[in-house]
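Chains, contacts and geometry: an overview
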Amino acid sequence: MLITYDRLSIGGEWVAPSTEARIKVTNASTGAQIGSVPEASEPDIDAAVSAARMAFDNNSGWSTWAPTQRALALRSLADQLEQRAENMAHRVSSQNGMPISISRHLEGMHPVSVLRYYADLAERMPVEEDRDGINGPVVVRRQPVGVVAAIAPWNFPQTLAAFKYAPALAAGCTLVIKPSPETVLDSALFAEAVHASDIPAGVVNVVPGGREAGAYLVGHRDVDKVAFTGSTAAGRSIGEVCGRLLRPVTLELGGKSAAIVLDDADLNLERIGQELFAATLFNNGQTCFLGTRILAPRSRYAEVVDAIATLASSLRVGDALDPETQIGPMVSRSHRDRVERYIAKGKEEGARLVVGGGRPRGDGPGWFVEPTVFADVDNRSTIAQEEIFGPVLSIVSYTDDDDAIWIANDSDYGLGGSVWTNDPKRGRAVANRVQTGTIGINHYRPDLAAPFGGFKNSGVGRELGPEGLAAYQQLQTIFC
Ligand code: NAD
């Protein structure tokens with residue numbers, strides 16, 4: 001049965017869209033259409049921003065509530081999302097191909113945890129601080145920044161939206177959320193949860209649309225801050241607009257991280273296979289932080305290639321809704337074609353294809369790509385420098401730890417990464433020298449309480465942790 005919505009969630013109500021344009025969504029595992037929603041056009045975005053503006057400016061409204069009061073409303077939204085978690089996971093996996101075993105946790109339950117984390121933090125973090133200034137007493141106040149335009153990608157649509165709306169709401173901001181056109185059915189379910197929660201009308205508005213809708217929202221006169229997750233190309237253009245408008249912006253962008261295998265690493269897949277998978281191939285490779293460049297010491301090169309090839313070829317590829325599936329399809333035909341172009345480029349540039357490279361279902365339905373491993377990859381080659389965003393790993397050799405660090409840093413990006421070693425001290429020493437916003441030792445697990453974001457072309461600013469809350473606050477100093 002098709003999932004069909006006829007209205008948009010604006011100002012706390014389901015309102016008729018201003019045009020008949022619709023966004024149709026397909027199942028990535030089968031290619032079949034599964035639903036549609038109205039596409040928001042400029043008048044709808046104007047209405048959404050205006051609702052958010054009114055909800056923010058209202059003298060007794062959301063932004064004036066005590067943090068403890070707001071925390072209660074955040075928890076009520078968390079409860080509503082928890083009730084819908086299974087449905088949410090199902091919708092996300094159908095649309096973007098994320099294995100359901102991952103989306104149950106990450107798209108169903110994780111936003112619930114993010115909301116509860118920020119509800120707790122809002123209660124704990126003081127919004128006013130008295131200081132002894134040089135000239136007398138001073139009060140430093142943390143005020144909500146205002147109306148936030150939150151733009152999310154399709155790969156973790158609910159979690160990455162939550163990284164924005166949860167701290168923004170905790171800070172007292174109001175929002176207009178623009179989901180990706182590939183994943184709008186989950187955003188409609190999210191809007192249902194907002195309506196059923198204690199979040200006041202107009203505080204959260206959802207405008208499904210594409211790039212043009214996003215660009216219109218980013219430049220809207222009544223937006224005070226932009227929070228974006230997506231490609232570096234789009235982030236650059238959003239950053240330019242925000243620079244011109246002097247509008248605060250957080251940019252979480254692409255990555256091409258290094259998984260550095262040191263010469264003392266444990267390569268037993270029974271012990272490390274699960275963590276290695278999560279750090280390099282999670283969500284079909286459609287994950288920004290993955291260590292898709294595996295750096296292997298010359299002294300154990302053949303062993304590393306063997307371990308990575310064994311891991312990749314052992315993964316179960318299948319329908320995203322099958323609980324046994326470890327690798328689902330790419331989000332769309334055009335994205336599958338893009339990943340395949342990179343595989344062709346890797347061969348053309350002389351890398352050695354060790355496993356994969358084809359379509360596991362031949363020309364059958366769905367946008368599947370076999371988990372693929374290239375060895376003997378030159379770190380300057382296209383497949384080692386550009387983000388592929390699919391299940392494709394490149395193994396690059398190095399001589400010693402200094403060389404590994406140099407190669408890891410020889411990238412325009414700096415988002416994630418990992419170091420694999422039996423010596424935690426040595427792992428830390430290497431991690432400290434990698435130019436990246438986040439890095440794990442013998443695993444890669446982002447943490448709600450710790451800042452997440454990138455160096456270099458991977459972004460500007462941080463989400464999560466208290467730093468993620470501060471991104472939605474501006475400081476006012478009162479000299480008393
Ligand atoms: P994308 O940049 O094409 O689109 C992301 C979102 O931005 C979508 O909602 C899209 O409609 C919108 N958009 C695109 N151009 C815009 C513009 N000029 N102005 C305003 N909005 C615009 O990215 P995608 O293909 O949806 O997502 C994949 C990319 O996201 C990858 O590069 C990946 O690395 C990155 N990503 C980064 C993180 C992170 O935290 N750093 C997390 C997940 C994904």
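Overview of the structure.

A few points about the sheet that holds strand E6 (residues 128–132)
- Taken in spatial order, the three strands of this open sheet run E6-E7-E23, and their pairing is antiparallel. Sheet topology places E6 and strand E23 (473–479) at the edges, where each strand pairs with a single neighbour. The average angle at which neighbouring strand axes cross in this sheet is 25°, direction not considered.
- In this structure, strand E7 (residues 137–144) lies alongside E23, joined through seven bridges in antiparallel fashion. Bridging from a neighbouring strand, Gln143 pairs with Gln474 of E23.

Remarks on the pattern of salt bridges
- In total, this model carries 25 salt bridges according to the counting rule given.
- Between Asp224 and Arg53 there is a salt bridge, with the nearest N and O atoms lying 2.9 Å from each other. Of this pair, Asp224 sits in the loop between helix H7 (211–218) and strand E11 (225–229) while Arg53 sits in helix H1 (residues 42–57); the two residues are 171 residues apart in sequence, bridging distant segments of the chain.
- Accessibility expressed as a relative area gives 16% for Arg53, which makes it buried.
- With a shortest N-O distance of 2.9 Å, Glu86 and Arg104 are connected by a salt bridge. Remark: Arg104 occurs in helix H4 (residues 100–124) and Glu86 occurs in helix H3 (residues 85–96); sequence separation between them is 18 residues.
- Looking at Glu86, the relative accessible area reads 41%, which means it is partly exposed.
- Since its relative accessible area comes to 37%, Arg104 is described here as partly exposed.

So, the pairing of strand E17 (residues 392–398)
- In terms of residue burial, E17 counts as a mostly covered element, since six of its seven residues are buried.
- Bridge count between strand E14 (residues 293–297) and E17: five bridges; the pairing is parallel. Looking at E17, one finds that Arg293 is bridged to Ser394.
- Strand direction decides the pairing type here: strand E16 (residues 372–375) and E17, joined by three bridges, are parallel. Note that in E17 the partner of Thr372 across the bridge is Val392.

Focus on the packing of aromatic side chains
- Applying the stated rule across the entire model yields eight aromatic pairs.
- Each ring, one from Trp154 and one from Phe389, has its centre 5.6 Å from the other, and the planes form 80°; the classification is edge-to-face. Linking Trp154 in the loop between strand E8 (147–151) and helix H5 (157–171) with Phe389 in the loop between helix H12 (382–385) and E17, this pair joins segments that are 235 residues apart in sequence.
- A relative accessible area of 13% places Trp154 in the buried class.
- Among the residues examined, Phe389 registers a relative accessible area of 15% and is labelled buried.
- Three or more aromatic residues joined by ring pairs make a cluster, and in this case those are Phe289, Tyr444 and Phe452.
- The residue whose ring lies beneath Lys225 is Tyr472, and the NZ or CZ to ring-centre distance is 4.9 Å.

What counts and what doesn't
- Residues numbered from 1 in each chain as written.
- Predicted model: local features only at pLDDT ≥ 70, side-chain atom pairs only at ≥ 80, totals over all residues.
- Heavy atoms only, no water.
- Pairing = 2+ DSSP bridges.
- Helix = DSSP H or I, 4+ residues; strand = E, 2+ residues; numbered from the N terminus.
- Axes fitted to C-alpha atoms, helices over the stretch in contact; angles between N-to-C directions.
- Salt bridge = Lys/Arg side-chain N within 4 Å of Asp/Glu carboxyl O.
- Buried < 20%, exposed > 50% of the residue type's maximum accessible area, 1.4 Å probe, protein only.
- Phe/Tyr/Trp six-rings, centres within 6.5 Å; stacked < 30°, edge-to-face > 60°.
- Lys NZ or Arg CZ within 6 Å of the ring centre and 35° of its normal.

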